[in-house]
Amino acid sequence: MNAIDPPVTAQAQALAARYGTELTSRQLPWNDVIASLLNHRSVRGYVSDPVPPGTLEILVAAAQSAATSSNLQTWSVMEVTDPEKRKMLAEVASGQQHIIECPLFLVFVADLSRNARLGEAEGTTLEVLPYLDAFLVSSIDAAMAAQNAVIAAESLGLSTVYIGALRNNVTRVAELLELPSGAGAVFGLCVGYPKPESAGEVKPRLPQEVVLHRDRYSTAAEAAGRAAYDKRLEAFSRRNEMAAYTWTQRVIGRMAKLNALTGRDRMKAAFRALGFPLR
Ligand SMILES: Cc1cc2nc3c(=O)[nH]c(=O)nc-3n(C[C@H](O)[C@H](O)[C@H](O)COP(=O)(O)O)c2cc1C
């Protein structure tokens, strides 16, 4: 597809799905990669069909192709095939059944242990390892890698959903996956083909002017943008048979009370015990 001459209707449809109609009167750059990115949606119901042979290896190659802070490569990924382990991971994640049913389940790990082993083998203390920045670097590395895998999977016609709820109990996940000290799961990822009823539609996002700031941070567009988005997300929720939440209700529901963290309020202590001192 030619970036100079985008198919206006495909672009307009994709932008309308993501935002409503505000951006669609202008012609923007466009190609298959961007079309695929704008078409992203999380899927929470999978048929049992396996992913094609070689899918895992090419997703990991895509993941390893992501940028990585200072080329330190402080992340790992685990494929979980054992049905018992899947079941226990689903329990950690408040019973999310797609962890059990998806044909490919991955756990992305913030992993400083490999670099720690390198230090030990070389007889060198890696003084930065205990610091919060090293934990952030490894978590960011894992997220960038995973998102590359998601983009690759979607480009192959597969669907995905991240499973942040593994962090409900990072201690249990580390036990199940036999992680060494200095390695901790930051999220899982289901990959597979959607059940027809689970394919879903693109979930709208906040208007661009709410998240895009130029030279100085501005909240000028926020109130009107949030009100407009509340309406759009409520309609989306109703169409997709969820409780008809506005974004405002969703944020308050997820952030107003600590019990919404489902155990993650104890995560700092848990990660410390897993070998991330977070100094
Ligand atoms: C780090 C991360 C963790 C997530 N964890 C979960 C999860 O545990 N369960 C779930 O159903 N969705 C999870 N999601 C998916 C989000 O709910 C979803 O991306 C968001 O609602 C936007 O919807 P969309 O991906 O369909 O556009 C997670 C997403 C991210 C980025």
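Above this text sits the structure in question.
Residues numbered from 1 in each chain as written. Predicted model: local features only at pLDDT ≥ 70, side-chain atom pairs only at ≥ 80, totals over all residues. Heavy atoms only, no water.

A. Quick look at the sheet that holds strand β2 (residues 104-111). The strand order across the open sheet built from 4 strands is β1-β2-β4-β3, with neighbouring strands paired in antiparallel fashion. Edge positions in the sheet fall to β1 (75-79) and β3 (159-163), since each of these pairs with one other strand and no more. Each adjacent strand pair in this sheet contributes to an overall mean axis angle of 25 degrees, direction not counted. Across 5 bridges, β3 lies against strand β4 (residues 183-192) in antiparallel orientation. Bridging from a neighbouring strand, Ile163 pairs with Gly188 of β4. (Pairing = 2+ DSSP bridges. Helix = DSSP H or I, 4+ residues; strand = E, 2+ residues; numbered from the N terminus. Axes fitted to C-alpha atoms, helices over the stretch in contact; angles between N-to-C directions.)

B. Region of the structure containing helix α3 (residues 55-64). Considered for burial, the residues of α3 that qualify are Thr55, Leu59, Ala62 and Ala63. Projected down its long axis, α3 shows its buried positions confined to an angular sector of 100 degrees, all on one face. When the buried face of α3 is taken as reference, the exposed residues oriented beyond 90 degrees from it are Glu57 and Gln64. (Buried < 20%, exposed > 50% of the residue type's maximum accessible area, 1.4 Å probe, protein only. Arc of directions from axis to C-beta.)

C. Quick peek at the nonpolar core. Counting residues in hydrophobic clusters, the biggest one holds 54 residues, and the most contacted among them are Leu89, Phe105, Val107, Phe108 and Ile163. The leading source of residues in this core is helix α7 (residues 132-155), at 9 residues. Beyond its immediate chain neighbours, meaning those up to four positions away, Leu89 contacts Val80, Ile99, Phe105, Val107, Leu166, Val173 and Leu176. (Core = buried A, V, L, I, M, F, W, Y, C linked by side-chain atoms within 4.5 Å. Contact = heavy atoms within 4.5 Å.)

D. Broad picture of the site of the ligand. Within the structure, the ligand sits among His40, Arg41, Ser42, Arg44, Gln96, Val161, Tyr162, Ile163, Gly164, Ala165, Lys203 and Arg205. His40 is positioned with one of its side-chain polar atoms (N or O) 2.6 Å from an oxygen atom of the ligand. Arg44 places a polar side-chain atom, nitrogen or oxygen, 2.5 Å from an oxygen atom of the ligand. Contact with the protein chains hides 69% of the accessible area of the ligand, taken as 620 Å² for the molecule alone. In the shell around the ligand, the residues fall into 4 nonpolar, 4 polar and 4 charged. (Near = heavy atom within 4 Å. Polar contact = N/O pair within 3.5 Å; in protein donor to acceptor, adjacent residues only side chain to side chain. Areas by Shrake-Rupley, 256 points an atom, 1.4 Å probe, with all protein chains shown as cover. Nonpolar A, V, L, I, M, F, W, Y, C, P; charged D, E, K, R; others polar.)

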